[in-house]
Structures are given as C-alpha cells and as structure tokens.
Amino acid sequence: MEPTKSISLTTNELASALALCGYETMASQIINSMNLLENEEEFTRFVQQVEFSFKVNGLWDEKRSSMLVKGLEDLIQLLVHSTKKIRCIKDNNVLLIHLADKNYVLLQKIVNRTHSFTLLPNEKEFSELLIKHFNLNRIANKQKSVQTIILSSEIFDNLHQIDEFSLDTMMNENKLDSQIKRFLKDFKNNNQEFDNISFLEMDYIKDYIN
C-alpha cells in the first residue's frame, strides 16, 4: 500500500477482506456483532454482493490467493499486526491511528459503517488531524494553556447525571477555579459528554476490539 493512497471499505467489505486474508475469527466477530447474517440464503447473497463490490472498485484479483489486490491485502496485514494505536471517538465518528511500523502509521476513519484507511509517514504532525476530528477551536487553544484536570471515578460518573441547573450554579460559583469553570462550560456545551481518546496496546488477533 502506497503512502497517502486511501482505500474505503464498508463494514461488510472489511469483514470479507479479513476472511479472505485468513482471519476468519475476526471476520465472524464483526458479522455476528452486527447481526448481518441469519441464514444460508443471506450468507450467499452477502458473498455475492461483496465480491461484486470489490470488482467494481478495482479491489478484486483472481490471480492472487486471497482474491484481493495487493494493496488491500497489505492494508489488512498492517491493520491486523499493528499492536499500538490511538482511538479517538467524537459522537458516532471514530478515528484510529495504528502504528504500522517505525516508518508509517495507518489512519482508520469510521463514519456510518464506512472505514477509510490511509497510510502516512510516521513523522507527520497529527495535531491538525485531531483538531479537525474533535472540532476544536484552534485559536482558543493557542491563546490559552489548558490545565490538566484529574477526576475520581465517582465524580466522573456523577457529572453525566447532574442537571443543567446544578451545573449552571457550579459555573457561577465565585470561589471555583477559573479553569474548572471553563471545563464545566465546555462540558455543558458538549451535551455533557466526554470525547474519548484511548491509547491502546493490543494483539489484534488475540484481543480484537469491535
């Protein structure tokens, strides 16, 4: 797979590509989790539709053992064997940054069950990518430093249950630190939800995360 060249796959196509590359268990986990197939007739239709889609999009090569073009098979191998990754969740959109090797990272964007993959040099600056993914205000972040805030599990859970009136009362409390007020304001403006960034180290084959 060439750097910066993107490949987009539906969830069905990703499951099929994994199976064709020999990772049937991972493919089955995806299919079962989505309740895609309930009988043999649906399975036959699923196979026919995915094969047709691969052919239309130039991803099918009957001369190769996997039946997939080399670029797609290489992508699947990178995805499966990368053990270090960053997962960023914003609403229903997911961004995964897989450390492919010391030279490249594999970006995986998941939107509406479509997975877009792009291979990029490892030295690339990813701050712009994260700013765009989380819809951050770049100017505000450059002008003001942000203090790290540590929350206990109890406070973290309670914040999601607090009513809007109580939240406003806390924000208007004079004795409350300005950074905490800013945090509460941003939390309220984000519909009282936290955007999630996770640093993961896992064996994709043994510890597949759906």
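Refer to the structure presented above.
As the structure is a computational prediction, the values presented were derived from the model and not from experiment.

Student: Any chance you could explain the side chain of Ser66 here in plain terms?
Tutor: As for its placement among the helices and strands, Ser66 is situated in the loop between α3 (40-56) and α4 (70-81). Separated by 3.2 Å, the side chain of Ser66 and the backbone nitrogen of Leu68 make a polar contact. For Ser66, the contacting residues outside a window of four places in its chain are Leu20 and Glu73.

Student: What is the right way to read the pairing of strand β5 (residues 114-121) from this model?
Tutor: Side-chain direction in a regular strand flips from residue to residue, so the side chains alternate between the two faces of the sheet. By the bridge criterion, five bridges tie strand β1 (residues 6-10) to β5 in an arrangement that is antiparallel. What sits directly across from Thr10, in β5, is Thr114. Strand direction decides the pairing type here: strand β4 (residues 104-111) and β5, joined by eight bridges, are antiparallel. Within the sheet, the bridge partner assigned to Lys109 lies in β5 and is Ser116. Turn length for the β4-β5 hairpin, with the two strands adjacent in sequence and antiparallel, is two residues, and the turn residue Asn112 shows positive phi of about 50°.

Student: I tried to follow the pairing of β4 on my own but got confused; where do I start?
Tutor: One ladder, built from six bridges, connects strand β3 (residues 93-99) with β4; its direction is antiparallel. Looking at β4, one finds that Val94 is bridged to Ile110. What sits between β3 and β4 in their antiparallel hairpin is a turn of four residues.

What counts, and where the lines are drawn
Residues numbered from 1 in each chain as written. Predicted model: local features only at pLDDT ≥ 70, side-chain atom pairs only at ≥ 80, totals over all residues. Heavy atoms only, no water. Helix = DSSP H or I, 4+ residues; strand = E, 2+ residues; numbered from the N terminus. Polar contact = N/O pair within 3.5 Å; in protein donor to acceptor, adjacent residues only side chain to side chain. Contact = heavy atoms within 4.5 Å. Pairing = 2+ DSSP bridges.

Everything listed here is a matter of geometry and, on its own, says nothing about what the molecule does.
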